[in-house]
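Report on the structure
Here is what each chain is made of, one letter per residue.
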Amino acid sequence: MPPAAPLLLGFCHRHVDRKGIARCMTCAVIVCQECATRFDGINYCVECLARTRGGDARRKGLPALVGTAIAICVMLPLVGMTLGWVLLLWSRALR
Ligand SMILES: [Zn+2]
Ligand SMILES: [Zn+2]
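What you see is a predicted model; the values in this text were computed from it and never measured. All residue numbers here refer to positions counted from 1 along the written sequence of the relevant chain. For this description, chains carry letters from A and ligands carry numbers from 1, given in the order in which they are written. Given that the model is predicted, a residue must reach a pLDDT of at least 70 before its local features are reported, and side-chain atom pairs must reach 80 or more before they are shown or counted; all residues, however, enter totals for whole chains, interfaces and linings.

**Brief notes about the overall build of the chain**
The following threshold applies: The helix and strand labels rest on DSSP assignments: H or I over at least four residues marks a helix, E over at least two residues marks a strand, and numbering proceeds from the N terminus. Exposure classes come from backbone-placed C-beta atoms, where a residue is buried if 20 or more other C-beta atoms lie within 10 Å of its own, exposed if 12 or fewer do, and partly exposed in between.
Helix and strand content of the chain: 2 helices and 4 strands. If you list the helices and strands of the chain from N to C, you get α-β-β-β-β-α. Buried positions account for 11% of the 95 residues belonging to the chain.

**Observations concerning unusual backbone geometry**
Trans peptide bonds make up most of the peptide bonds, and negative phi angles are found at most residues other than glycine. Located in the positive-phi region is Ala28, a residue other than glycine, with phi close to 65 degrees. Considering the arrangement of structural elements, one finds Ala28 in the loop between strand S1 (22-23) and strand S2 (30-31). On the neighbour-count criterion, Ala28 (10 C-beta atoms within 10 Å) is exposed. For Asp40, which is not glycine, the phi dihedral falls at a positive 60 degrees. By the secondary structure assignment, Asp40 is in the loop between strand S3 (37-39) and strand S4 (42-44).

**So, the environment of Phe11**
Our working rule: In this description, a residue-residue contact is defined by the distance between C-beta atoms placed from the backbone, which must lie within 7 Å.
Along the chain, the position of Phe11 falls in the loop between helix H1 (4-9) and S1. Once you skip the residues sitting within four places of it in the chain, Phe11 turns out to touch Val16, Arg18, Lys19, Gly20 and Ile30.

Pasting the structure below:
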């Protein structure tokens, strides 16, 4: 009796001579050891993983970068002004 799992999964959608070990959770294709990629504990095929990661980078990466740039642009003059005022008041208080 051969094991049931490889028979149920069949062969990899990219490598027809390799046994499948998992199914992509997004498009349900069968993937072999080499093609299966885990992300957040879920199996994906290479195509779906690239799509998932690319989408994340576009959604989260850019606004975070823009937000940081704006924060730096706003903070630097504020810090400089505050420091200038403190130094001015301090020098006056000493006199
Ligand atoms: Zn897929
Ligand atoms: Zn494969």
